[in-house]
Structure formats: C-alpha cells, structure tokens
Amino acid sequence: MSHDYVASWEGFALALVGAAAVLAGLVFVAVSINIDRILAIRGLPGRAGESVILFLAVLCECAFVLIPNQPVSALGLELLVAGLLVWAVGVAIAVPGLRGPTRQPASWRLTRLIGVHLATVPAALAGASLLGWLPGGLYWLAGAVLTALVVATGNAWVLLVEVVRDSRYRPAGQAGETRRGSPERGEPA
C-alpha cells in the first residue's frame, strides 16, 4: 500500500474525527444529567467509560490516518496497537458486567460485549492489513470506526434516556417499584 492509498482516506478520517469528538460530548452530557442513576446501577459507570473510550479510539485511529507523510507501516503498527489496546480495555470493562445480579436481560449484556469486539478488532485487522499480513486495507478501519460510533451512541442513548425511562435500569428494591414496572411513571405492573 502506498501514501496515495492512505491519502485517499483523509476525507473519511477527517469527517469521523469530528463526529467522534461531538458524540463524545454527548456522553459527558448524558453522564452529567443522570450521574446519580448511573452510579446506582451496576454496569452503567463502565458503560459510560466504554463509550468514551470507543469515541476516543475513533478519534485517535482516524487522526493516525491524517498524520502527513508517515510510512504506511507506521500507520499499520499504530492501528494494530490501538485496536488491540482498546479491545483489551473494552473487554475488561464489559466482561464484569456479564456477571452478577442485574435487571437487564442477559441478551443486552451479551450484545454489549459483541459490540465491543466488532468496534475494536477490525481496527487491529486494518493495522495488520497495512503491514501486509492480510487483505482489506483501511476498509477494516472503516468497519471498526463506524461500528464504534453506532455502539457508543447506543450506549449514550441508554445513559441519557433509557436510564430514566426503563425500569430495568433501576436498582433492585427501589421505592414504589413493582416487579414489571413503576406505578409512579405510569408503567404497567
């Protein structure tokens, strides 16, 4: 792969850097608005951290593409290391959320873990591809960063809206709550 190949991705990378920065701000707003609820519910502080990390990963990985005149092998190494590092941190945050008592269905927790893998592993594969170890080039990175934006934005939605709306995002035994809903919020019991 050549400098021209990498340069052809600069517009994509520039757009994603801006999107990631703006969306990371959304997570901070969501956390600041709902901080008490987020801290009271097992797994949600980690979910907030995971979202910020995914947005920062998109920002950094796309910024690596924008570094002028760097060797393609250097970009490959940067993406490989970043992808593996973000994957390891994401899994370390998400796996403990699979264990222990919670009101969220197991499928939600498993989907979260799958999202972490889909948002991080392809970035490492992009690096490996630029190093000549497999085909695909920066198309792997496109998959990684777009998936990371979707996963992290979904997490931001949970932290901003669902934590208030859905009774499964409440601590067990909260006053006024029944098994299936909260009468004070007009949800069916």
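Above this text is the structure in question.
Reading guide: rules and limits
Residues numbered from 1 in each chain as written. Predicted model: local features only at pLDDT ≥ 70, side-chain atom pairs only at ≥ 80, totals over all residues. Heavy atoms only, no water. Helix = DSSP H or I, 4+ residues; strand = E, 2+ residues; numbered from the N terminus. Contact = heavy atoms within 4.5 Å. Areas by Shrake-Rupley, 256 points an atom, 1.4 Å probe, with all protein chains shown as cover. 1 Å grid on protein atoms, 1.4 Å probe; cavity = no way out; pocket = protein on both sides within 12 Å on 5 of 7 lines; lining within 4 Å. Points joined across faces, edges and corners; volume = space filled by probe spheres on them. Nonpolar A, V, L, I, M, F, W, Y, C, P; charged D, E, K, R; others polar. Buried < 20%, exposed > 50% of the residue type's maximum accessible area, 1.4 Å probe, protein only.

Describe the overall build of the chain, and please don't skip the residues or the numbers.
Helix and strand counts for the chain stand at seven helices and zero strands. Secondary structure elements in the chain, listed N-terminal to C-terminal, are α-α-α-α-α-α-α. Counting only contacts in the chain whose residues sit at least 6 apart along the sequence, the fraction spanning at least 24 positions is 70%. Counting only carbon and sulfur atoms, one obtains 70% of the accessible surface of the chain, whose full area is about 9300 Å².

Please provide a residue-by-residue account of empty space enclosed by the protein, values included.
The full count for this structure, using the stated rule, is one cavity of 30 Å³ or more. By volume, the largest cavity amounts to about 140 Å³. Taken together, 13 residues make up the lining of the largest cavity; nearest its centre are R47, G97, Q104, R109 and R112. A per-class count over the lining of the largest cavity returns five nonpolar, four polar and four charged.

Kindly report on the environment of A152, identifying the contributing residues and their values.
Tracing the chain through its elements places A152 in helix α7 (residues 139-165). On the basis of relative accessible area, A152 is assigned to the buried category, the value being 0%. Separated by 97 residues in the primary sequence, A152 and F55 place their C-alpha atoms 6.8 Å from one another. If sequence neighbours within four positions are ignored, A152 has contacts with S51, L54 and F55.

Tell me what's going on with the side chain of R112, and back it up with residues and numbers.
Of note, R112 is situated in helix α6 (residues 106-130). Taking the relative accessible area as the measure of exposure, R112 reaches 11% and is therefore buried.

I'd like a description of unusual backbone geometry, backed by residues and values.
Note on backbone geometry: most residues besides glycine have negative phi, and most peptide bonds are trans. With phi around 60°, N69 is a residue other than glycine that occupies positive phi space. Inspection of the secondary structure puts N69 in the loop between α4 (44-66) and α5 (72-94). A residue is classified by how much of its surface remains accessible, and N69, at 72% relative accessible area, is exposed.

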